[in-house]
Amino acid sequence: MASDNKSKKLYELSYLNVLFCIMVICVHILSEPITALERTSLQYFSVYAPWKLFQFVTQGFVFLSGLKLFLKDRSDIKIGCFYIDRAKRVVIPYLLWVVIYYLYFIAIGWYEFSAAHLLRYVLIGDLVAHFYFVIIICQMYILTPFIAKLFKKCSPYLALIYSLFISLLLGQYLPHVISIISPDFTFAYNDRLFTTYIFYFIGGAAVGMNYKVVIGKLRKAKATVYTMFALFAISNLVLSYISISGRAYMHWCDTLHFAYCVSAIAALLTFMAGFCEKHAALPRAVSKIIISADNSSYMLYLSHILVILLTRRQLDYMVLDIGQRLIVTAAVLAMYTVLSSLAWDTAKGKIKHRRA
């Protein structure tokens, strides 16, 4: 099934991508107070609430990747060219940033150099917390040609149903199944295995292939979409907080979080599509920053943890409480996001102009 969504730039996807970037940066900025504060305190809940509500961004990025890929007709995908393109865009920058982080950690005395350890960090994606997403998305890119062939043989919506069962069952219970088969083996990497996220990627692909139709249906049902989002957001936040604060353990929090992720992605996509329809043109300066951040989003994603680490290392020399550290770190990251996006996008533009 071919898509017909080509000619017009879909600004809502750019805005959504930038919003996801801001959210993932916020998640990592908030990690320090999340770790330091008493879980039953009001201060903890005040940072836990946005931290938890932003916890769908990985799923959102996976969904958006599938959507953008399948906005184009992928029925006759050239596997070699596709893999080379993904390697240039995704793998090579990732390898560069792994080396940068590793050298920094060696410089501050956290690690000693080991080629074997470096190779493991590259393959597992656990040198820095956020690198696991690259491992996930590379698996999705490996599967993309096969997903395109699958869509030739069955409806994308049927594939979506199959992927739903895979993500719900294996995403939650694969480590348990492995422990039953091999009691002495603990599988600790389910958070970066494609089975956990395949529903979001195929969901994005299905939306991309039928973008205008799906957006139209979402906009018509926006009251229902927003209501479901609000209900799942509140229940997910409250019940997860009850569980993490030790008041009671909720066995089905993972399933509830899954439903919240789906509703959040649907609600934000619906909102952004409506926003862009009503506000066709933003102020030039704002639009410039947003588009630059969208074009630089992968660079921002890979690099922002290093900026957080450098900032916190400097703050260690100052007498600041956890709230002050949070404010300073957020301010630094805000400036870094804007300035680095503009600089990176400008540099890429000049390089492309020279090559033309």
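Since the structure is predicted, the reported quantities are computational estimates derived from the model, not experimental observations.

**Remarks on helix α13 (residues 284-295)**
Then, in step 1: A rise of 1.5 Å per residue sets the reference length of α13, with its twelve residues, at 16 Å; its end C-alpha atoms lie 16 Å apart and thus fit the reference within 8%.
Then, in step 2: Considered for burial, the residues of α13 that qualify are I290, I291, S292, A293 and D294.

**Remarks on the pattern of salt bridges**
Then, in step 1: A complete count under the given rule lists seven salt bridges for this structure.
Then, in step 2: Notably, a salt bridge pairs D191 with R192, separated by 3.0 Å at the nearest N-O pair.
Then, in step 3: Residue D191 is classed as partly exposed on the basis of its relative accessible area of 34%.
Then, in step 4: Overall, R192 belongs to the buried group, its relative accessible area being 12%.
Then, in step 5: The salt bridge involving R219 is made with E277; its shortest N-O contact spans 3.0 Å. Of the two residues, R219 sits in helix α10 (residues 211-220) while E277 sits in helix α12 (residues 253-278), which places them 58 residues apart along the sequence.
Then, in step 6: Each of the salt bridges in this network shares a partner with another, and the network as a whole consists of E32, D316 and R325.

**A short note on the environment of R313**
Then, in step 1: Position of R313 among the secondary structure elements: in helix α14 (residues 297-315).
Then, in step 2: Those residues in contact with R313 that sit more than four places away from it in its chain are Y104 and I108.

**Some points on the packing of helix α9 (residues 194-209) against α12**
Then, in step 1: Direction vectors running N to C along α9 and α12 enclose 25°, while the axes themselves pass 12 Å from each other. For the element pair α9 / α12, the angle class is roughly parallel. Remark: the crossing between α9 and α12 carries right-handed chirality. Here F199, Y200 and V207 of α9 lie close against α12, whose contacting residues are F258, C261, V262, I265 and L269.
Then, in step 2: In terms of residue class, the contact of α9 with α12 is built from eight nonpolar, no polar and no charged.

**Quick look at the state of the cysteines**
Then, in step 1: The tally for this structure, following the rule as stated, stands at zero disulfides.
Then, in step 2: For the unlinked cysteine C81, the closest cysteine sulfur is that of C138, found at 18 Å.
Then, in step 3: No disulfide involves C253; its sulfur sits 12 Å from the nearest other cysteine sulfur, which is in C261.
Then, in step 4: Here C253 falls in the buried class, since its relative accessible area comes to 14%.

**Notes on the packing of aromatic side chains**
Then, in step 1: Inspection of the entire model under this criterion finds 33 aromatic pairs.
Then, in step 2: Taking the centre distance of 5.9 Å and the plane angle of 80° together, the rings of F20 and F56 count as edge-to-face. Of this pair, F20 sits in helix α1 (residues 11-29) while F56 sits in the loop between α3 (42-53) and α4 (57-69), and the two are 36 residues apart along the sequence.
Then, in step 3: On the basis of relative accessibility, which here comes to 2%, the residue F56 falls in the buried class.
Then, in step 4: Relative to Y260, the ring of F229 lies with its centre 6.1 Å away and its plane at 20°, an arrangement referred to as stacked. With a gap of 31 residues between them, F229 in helix α11 (residues 222-244) and Y260 in helix α12 connect regions that are remote in the sequence.
Then, in step 5: Residue classification places F229 among the partly exposed residues on the basis of a relative accessible area of 26%.
Then, in step 6: Of the residues examined, Y260 reaches a relative accessible area of 2% and is grouped as buried.
Then, in step 7: Taken together, the aromatic side chains of Y94, W97, Y101, Y102, Y104, F105, W110, Y111, F113, Y121 and F131 make up a single cluster linked through ring pairs.
Then, in step 8: Directly above the aromatic system of Y141 lies the positively charged group of R86, at a separation of 5.0 Å from the ring centroid.

Parameters and conventions
- Residues numbered from 1 in each chain as written.
- Predicted model: local features only at pLDDT ≥ 70, side-chain atom pairs only at ≥ 80, totals over all residues.
- Heavy atoms only, no water.
- Helix = DSSP H or I, 4+ residues; strand = E, 2+ residues; numbered from the N terminus.
- Expected span 1.5 Å × (residues − 1).
- Buried < 20%, exposed > 50% of the residue type's maximum accessible area, 1.4 Å probe, protein only.
- Salt bridge = Lys/Arg side-chain N within 4 Å of Asp/Glu carboxyl O.
- Contact = heavy atoms within 4.5 Å.
- Axes fitted to C-alpha atoms, helices over the stretch in contact; angles between N-to-C directions.
- Parallel < 35°, antiparallel > 145°, perpendicular 65-115°, else oblique.
- Left-handed = near helix turned anticlockwise from the far one by under 90°.
- Nonpolar A, V, L, I, M, F, W, Y, C, P; charged D, E, K, R; others polar.
- Disulfide = S-S within 2.5 Å.
- Phe/Tyr/Trp six-rings, centres within 6.5 Å; stacked < 30°, edge-to-face > 60°.
- Lys NZ or Arg CZ within 6 Å of the ring centre and 35° of its normal.

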